[in-house]
Amino acid sequence: MKVFSNAETFNYSWEEVSTANWRKYCPWNDKSTHVVAVDTISRSVDPATGILRTERLITCQQSAPEWLKKILGAGMEESQVLETSYVDPANKTVTMVSANLTWSNLINVQETVVYKPLNEHQTQFTQDAKITALCGGWQRIKNSIEDTMVKRFRENAAKGKEGFEAVLAMSRRVFAEEREREKMTLLMSQAANIRMAQAV
Amino acid sequence: MSQSLATQCNEVKERYDTCFLKWYSEKYLRGTSTADNNECSSLFKEYSQCLQGALKDRGIDKLLEDAREDNKENDAAFMGRKNCK
């Protein structure tokens, strides 16, 4: 088993980060292009704790190195991951656990991501991935598979941070514009009311 | 928003995602709505129905069942149910 760990700080509030997290993989993020589809499979709120539990199916397209393709065979360009997330609004924590659905008899990838507030304006991101090659066979091959996955995680993590920063910036802008529009609508309706009152 | 695995579900997915994001940021995070059955549930139903066939065709439904089974420990840990003493 190999482990990949990573931690980042985002200069946005936990509320902003946890909201933008739902659209991390959208056209605003032009870095994480290996994610081609994100589907929500189930979603529920626990009435006792208020925890929001969501299952998302994440479809990736990223080709494996040639030597690995030879072992796995063709047709492995598309792969799926199940991400189960838990938003705890009382403790301001988002926990996301992801596991690979594809080639799960060959390799086991378990990733845990946590978003927690550092203060009112900053959010801490921590990522832990445990990678275990399962194929009965040479240890050398297992090691190579695990190393390849760790390398992939490292590359995707760097791109992921950059891409998510872009999404956060866009989200902040869009929310500000929305608030501005709502204010304008309110002002215009007030003005209309005044005009109507004057006309009477 | 991101694409759906099944292109025929993209339209309803987009409407659902937009609805959810609004509910999440304006109500859920502010603690004014913690109900499961909210304004987005009928859209979610529609979206799920669309997706179901696509998951079956690709054999993903079976993989999902197995993965859910494996995730039970995480559910117990992160749903905060501490009544198993």
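Residues numbered from 1 in each chain as written. Chains lettered and ligands numbered in written order. Predicted model: local features only at pLDDT ≥ 70, side-chain atom pairs only at ≥ 80, totals over all residues. Heavy atoms only, no water.

In the annotation of an unreviewed UniProt entry, chain B is listed under the name Mitochondrial distribution/morphology family 35/apoptosis and assigned to Lasiosphaeris hirsuta. In UniProt, chain B has this text filed under Sequence similarities (unreviewed entry): "Belongs to the TRIAP1/MDM35 family." (UniProt positions renumbered as here; feature names shortened; annotations may be inferred.)

Chain A appears in an unreviewed UniProt entry as PRELI/MSF1 domain-containing protein from Lasiosphaeris hirsuta.

Peer 1: Any chance you could explain the side chain of Asp17(B) here in plain terms?
Peer 2: Tracing the sequence through the fold places Asp17(B) in helix H1 (residues 10–28). With relative accessibility at 9%, the residue Asp17(B) sits in the buried group. Setting aside residues no more than four positions away along its own chain, Asp17(B) makes contact with Thr40(A) and Met1(B). (Helix = DSSP H or I, 4+ residues; strand = E, 2+ residues; numbered from the N terminus. Buried < 20%, exposed > 50% of the residue type's maximum accessible area, 1.4 Å probe, protein only. Contact = heavy atoms within 4.5 Å.)

Peer 1: Help me understand H1(B), please; the structure alone is not making it clear to me.
Peer 2: A turn of α-helix holds 3.6 residues, and therefore any two residues three or four places apart point the same way. Listed as buried for H1(B) are Asn10(B), Val12(B), Lys13(B), Tyr16(B), Asp17(B), Cys19(B), Phe20(B), Leu21(B), Trp23(B), Tyr24(B), Ser25(B) and Tyr28(B). Packed against the buried residues of H1(B) are helix H1 (14–20), strand S2 (35–45), strand S3 (52–61), strand S4 (78–88) and helix H3 (139–199) of chain A together with helix H2 (41–57) of chain B.

Peer 1: Explain the nonpolar core to me, please; I cannot follow it from the model alone.
Peer 2: One broad trend across soluble globular proteins is that nonpolar side chains are buried collectively. Leu52(A), Tyr115(A) and Tyr24(B) are the most contacted members of the largest nonpolar core, which totals 45 residues. Formed by 15 residues, the second largest nonpolar core is a distinct cluster that contains Ala64(A), Leu106(A), Ile145(A) and Val150(A). (Core = buried A, V, L, I, M, F, W, Y, C linked by side-chain atoms within 4.5 Å.)

Peer 1: Would you explain the state of the cysteines in this entry?
Peer 2: A disulfide bridge is the covalent bond that connects two cysteines by way of their sulfur atoms. All names here are of chain B. In this structure the tally under the stated criterion is two disulfides over all chains. The disulfide bridge from Cys-9 ends at Cys-50, spanning 2.1 Å between sulfur atoms. Residues Cys-9 and Cys-50 are joined through a disulfide that is left-handed, its torsion about the S-S bond being -95 degrees. Note that Cys-9 is positioned in the segment before H1 and Cys-50 in helix H2, a separation of 41 residues in sequence. Relative accessible area serves as the criterion here: at 22%, Cys-50 is assigned to the partly exposed category. Covalent S-S linkage joins Cys-19 and Cys-40, the inter-sulfur distance amounting to 2.2 Å. Negative torsions about the S-S bond denote left-handed disulfides, and the value of about -90 degrees found for Cys-19 with Cys-40 makes this one left-handed. Of this pair, Cys-19 sits in helix H1 while Cys-40 is found in the loop between H1 and H2, placing the two residues 21 residues apart along the sequence. For the residue pair Cys-19 and Cys-40, the accessibility class agrees, reading buried in each case. When the bonded cysteines of chain B are counted from the start of the sequence, the pairing works out to 1-4, 2-3. (Disulfide = S-S within 2.5 Å.)

Peer 1: Could you clarify how one ought to interpret the packing of aromatic side chains in this entry?
Peer 2: By convention here, two paired aromatic rings are described through the distance between centres and the angle between planes. Enumeration over the complete set of coordinates arrives at 16 aromatic pairs over all chains. Note on Phe10(A) and Phe164(A): the rings are 5.3 Å apart at their centroids and 80 degrees apart in plane angle, and the pair reads as edge-to-face. Taken as a pair, Phe10(A) in strand S1 (residues 2–10) and Phe164(A) in helix H3 lie far apart in primary sequence, 154 residues in all. In this pair, the class of Phe10(A) matches that of Phe164(A), namely buried. Judged by centre distance (5.7 Å) and plane angle (80 degrees), the rings of Trp22(A) and Tyr24(B) are edge-to-face. Of this pair, Trp22(A) sits in the loop between H1 and S2 while Tyr24(B) sits in helix H1, on two different chains. (Phe/Tyr/Trp six-rings, centres within 6.5 Å; stacked < 30°, edge-to-face > 60°.)

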